[in-house]
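Fold and contact review
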Amino acid sequence: MSSRLNHTLLKHALTAAVATAVLAATAQASAQTLRFAHVDPDDWTTSKKGAAGQVFKNLVEAETDLTVELYPAGALGGETELIEGAQDGTISIAMVSGAYANFCPAVAVTDIPYTFPSAPVAWSVMDGEFGDALAEHCLEQTGLRTLAYGETGFRHFTNSVRTISTPEDMAGLKFRVQTIPLYLEMVSALGAEPQGIAWGEVPTALATGVVDGQENPISVIYGNNFYEFQDYLTLDGHVYGVDHLLINDEIFQSLTEEEQAAVKRAAVVAGNTGRVIQQFNSAEGIAKLQEEGMEVTQPTAEQLEAFREAAQPPVQAYLREELGDDAEWIDRLSSAVDEASARF
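So, here is what we can say about the structure in this document. It should be emphasised that the depicted structure is a prediction, and the values quoted were computed from it without experimental measurement.

1. Quick word on the packing of aromatic side chains
Here the structure, examined in full by the defined rule, presents eight aromatic pairs. The interplanar angle of 35° and the centroid separation of 5.7 Å between the aromatic rings of Tyr222 and Tyr227 together place this pair among those described as tilted. Over the aromatic face of Trp329 sits the side chain of Arg332, whose NZ or CZ is 4.1 Å from the ring centroid.

2. Points about the nonpolar core
Counting 60 residues, the largest nonpolar core has Tyr100, Phe116, Val125, Phe130, Leu134 and Met186 as its most contacted members. The biggest single contributor to this core is helix H12 (residues 328-341), with six residues. In this structure, Leu34, Val60, Val68 and Ile247 belong to the second largest nonpolar core, which totals 20 residues.

3. Brief notes about the state of the cysteines
In the structure shown here, the tally under the stated rule is one disulfide. Between the sulfur atoms of Cys104 and its disulfide mate Cys138 the distance is 2.1 Å. Negative torsions about the S-S bond denote left-handed disulfides, and the value of about -80° found for Cys104 with Cys138 makes this one left-handed. With Cys104 in the loop between strand S3 (93-96) and helix H4 (119-126) and Cys138 in helix H5 (residues 129-142), this residue pair connects regions lying 34 residues apart in the sequence. Look at Cys138 and you get buried, because its relative accessible area is 1%.

4. Quick notes on the environment of Asp231
Here Asp231 shows up in the loop between helix H8 (218-223) and strand S8 (232-248). Owing to a relative accessible area of 39%, Asp231 belongs among the partly exposed residues under this scheme. Note: C-alpha distance between Asp231 and Gln290 (59 residues apart in sequence) is 9.7 Å. When near neighbours in sequence (up to four residues on either side) are disregarded, Asp231 contacts Asn159, Ser160, Gly293, Met294 and Glu295.

5. Concerning helix H3 (residues 79-88)
Listed in full, the buried residues belonging to H3 are Glu79, Leu82, Ile83, Gly85 and Ala86. The buried residues of H3 occupy an angular sector of 160° when projected down its axis, which confines them to one face. On its buried side, H3 packs onto strand S1 (33-37), helix H2 (48-63), S3, strand S4 (144-159) and S8. Where H3 ends, the next residue or the one after it, Gly89, has phi of about 90°, a positive value.

Reading guide: rules and limits
- Residues numbered from 1 in each chain as written.
- Predicted model: local features only at pLDDT ≥ 70, side-chain atom pairs only at ≥ 80, totals over all residues.
- Heavy atoms only, no water.
- Phe/Tyr/Trp six-rings, centres within 6.5 Å; stacked < 30°, edge-to-face > 60°.
- Lys NZ or Arg CZ within 6 Å of the ring centre and 35° of its normal.
- Core = buried A, V, L, I, M, F, W, Y, C linked by side-chain atoms within 4.5 Å.
- Buried < 20%, exposed > 50% of the residue type's maximum accessible area, 1.4 Å probe, protein only.
- Helix = DSSP H or I, 4+ residues; strand = E, 2+ residues; numbered from the N terminus.
- Disulfide = S-S within 2.5 Å.
- Contact = heavy atoms within 4.5 Å.
- Arc of directions from axis to C-beta.

So, to be careful, I would describe these as geometric facts and stop short of saying anything about function.
If you want it as structure tokens, here you go:
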């Protein structure tokens, strides 16, 4: 056999081997399992993240050969652990909220009190140019790609002492808040006394009078039976909580173009589904809280402006100092909200 023939056969063999390897790699990529984790309950009828996860799984598995495994209810840890797991690739996708600001500090600007006047404005901002730019910024900092945004919802004050319609009504009251500086600054600016208490201790703190009140979305207030300890609910919507649906970017890049497109589509539907569940539970929850005997107060536009004027400047000043060069995101968000507000 001539050397030329040997060379030709070897070349064909190598080509076949490369083709086989490529096909095997493609098959392996198509058969990947995506681990989707969050801290909310799994019940899609009451849990925003639970609903988002179920929808994402069903759509991705229907359109691709990918398998999606769901890990709800903190099965793989709290939000900080989920973000760290997504960064190192042990978790493919994490749906998280406030903890993401510890990894991408610019995210904290969305928690500036009384920034979003309504849910449609918040959706428009987060799904528009601002949300896209923030996602790109955070991708560079964390290695996590934002597939879509959902919502934790608007947070409201409850208390056991009196009706709250204005910031002056907050004076002297003790409120449990998350141990996050932004929340401590906000409550102090409103004239009340913030108390950083662990979540598991909140019912006891309310029942024993260690604190007079707390703040949370409606679904949390009702779901945890806080009406047993709290008589007054103020629908001030001081903070709109954003959910971030994140994927490890290396895992995302390992998918085929078709799989990437399916994952992105499913994520947007999942985020919007979570928003719908949250909105439904909030609307239903207000009626249920009233049935349980809570007095519900909706401040007027003028009263809400007084809350904003009291709380927003000191929180913005705190964030500008903390964020340094990233403080520009405060102004970018403000401009985006003004633009969206003109349409709603």
